[in-house]
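Given next are the chains, with one letter for each unit.
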Amino acid sequence: MAWIEKQQNIIGFALSSLLRKWGKNLALLIIYTVIVFILASIFFFTGSIKKEASLVLEGAPEIVVQRIMAGRHDLIPGSYMTAMQEIPGVRGVRGRLWGYYFEPATGANYTLVATDPDKGPREGAMRIGRGVARTLGIRKGDIVPLKAFDGSYLSFEVDHIFTAPSEIVSSDLIEVSQADFRALFNVKEPYWTDVSLLVRNRNERATVADKIKRLLPDTRPILKDEILRTYDAVFDWRGGLLVFVLGGAVLAFAIFAWDKATSLSFEERREIGILKAVGWETSEVIVMKSWEGIVISLSAFLIGAVAAYAHVFFASYIFFEPVLKGWSVLYPHFRLVPYVDPYQIAALFFLTVIPYTTATIIPSWKAAIIDPDEVMRL
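The rules behind each value
- Residues numbered from 1 in each chain as written.
- Predicted model: local features only at pLDDT ≥ 70, side-chain atom pairs only at ≥ 80, totals over all residues.
- Heavy atoms only, no water.
- Patch = residues over 30% accessible without salt bridge, like charges linked within 9 Å, V, L, I, M, F, W, Y side chains within 5 Å.
- Areas by Shrake-Rupley, 256 points an atom, 1.4 Å probe, with all protein chains shown as cover.
- Salt bridge = Lys/Arg side-chain N within 4 Å of Asp/Glu carboxyl O.
- Helix = DSSP H or I, 4+ residues; strand = E, 2+ residues; numbered from the N terminus.
- Buried < 20%, exposed > 50% of the residue type's maximum accessible area, 1.4 Å probe, protein only.
- Contact = heavy atoms within 4.5 Å.
- Phe/Tyr/Trp six-rings, centres within 6.5 Å; stacked < 30°, edge-to-face > 60°.

(A) Molecular detail of a nonpolar patch on the surface. On the surface, a nonpolar cluster with roughly 400 Å² of combined accessible area is contributed by Trp22, Leu26, Ile30 and Val34. When you line up the elements, tryptophan 22 lands in helix 2 (residues 22–56). A residue is classified by how much of its surface remains accessible, and tryptophan 22, at 57% relative accessible area, is exposed.

Structure below.
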């Protein structure tokens, strides 16, 4: 109990010392909080969007096979599907039709996908994402003309607009029937854009992909795990880019905080001398100065982290949206599901709180071991 009461008294004195220099400490706290806010916003966004990507890709094909011609993606014939079906371990093969449609009026690229006849829209109809509906200004029941490969136009009726919760994946999506897709892009039977495979044992994905590569040398098998790693790399790169752009501000703060923490003003040295003169021990002075650093750094950490959480998950990360989401005519409007990685919180804590708090100890110790009479005569 005596130790706890002693710490309470030291903390009380540290707080009163901070309040006496409230102007300088408030400026430091504001700058500190802004830096924590920036870093935490980047951490929260990249972690959450990678989590969203992993959830979205849970239903993705285990293996996607593309045909490569002269180093570029080419149409794959139906005979390749027959050959893949014979590979041991493969339990399902399905051809896919998809591509991109450029709309000159809006400058947007739409993702055009042909769905299975029993699941997709009927011929002459389309299903669209909310981003497509916004850019074209259309509603359910409207007629939309799309330019075919030969310059003619095919008309489609909008029979469905995807709901808002799916906008992260469907914003730029247009679904049509397989017959309409082939008519738009002149894709003849039995060619497909690529082929998706289901594997009986997920541990054999790499083995099956290797067999496909050996059997069909002009193909490129892509595993779902590779797609996930690509998404992780993309958003890590975007987050790193923003940190790099803001690196000057972070560096300036680091220099400012280090100078503040490692150098004591005349008033602070005189205060330490008075404390030593009235009987404070060196260890107690160091603890008091450490508490000052903890109060400032921990307050900045908590305020910055909470503000970053609200910024990312409730304010749609408005400050960093173009850099983190990418530049596009079709911005998906969606709200991220709150997800915070404990590792990121720990990393942010050790990057922001620990260095500043630790840096306050050395100058305090140097001032505390000086003879009080010497300090008082300065």
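What follows picks up the thread again.
(B) Focus on unusual backbone geometry. Each neighbour pair has its own omega, and for glutamate 189 with proline 190 the value is -5 degrees, a cis peptide bond. Even without being a glycine, alanine 70 presents a positive backbone phi close to 55 degrees. By the element assignment, alanine 70 lies in the loop between strand 1 (63–69) and strand 2 (72–74). Looking at alanine 70, the relative accessible area reads 78%, which means it is exposed.

(C) Fine view of the side chain of threonine 111. With respect to the secondary-structure elements, threonine 111 resides in strand 4 (residues 108–115). Not counting chain neighbours up to four residues away, the residues in contact with threonine 111 comprise Gly99, Tyr100, Asp172, Leu173 and Ile174.

(D) Quick peek at the packing of aromatic side chains. Tallying each qualifying case throughout the model produces eight aromatic pairs. Relative to tyrosine 100, the ring of tryptophan 98 lies with its centre 5.8 Å away and its plane at 80 degrees, an arrangement referred to as edge-to-face. The class of tyrosine 100 is exposed, set by a relative accessible area of 55%. On the basis of an interplanar angle of 90 degrees and a centroid distance of 5.4 Å, the ring pair of phenylalanine 301 and phenylalanine 349 is categorised as edge-to-face. Taken together, the residues span a long stretch of sequence, with phenylalanine 301 in helix 11 (residues 282–313) and phenylalanine 349 in helix 13 (residues 342–359) at a distance of 48 residues. Judged by its relative accessible area of 7%, phenylalanine 301 falls in the buried class. Members of the aromatic cluster, connected to one another through ring pairs, are Phe44, Tyr309, Phe313 and Phe314.

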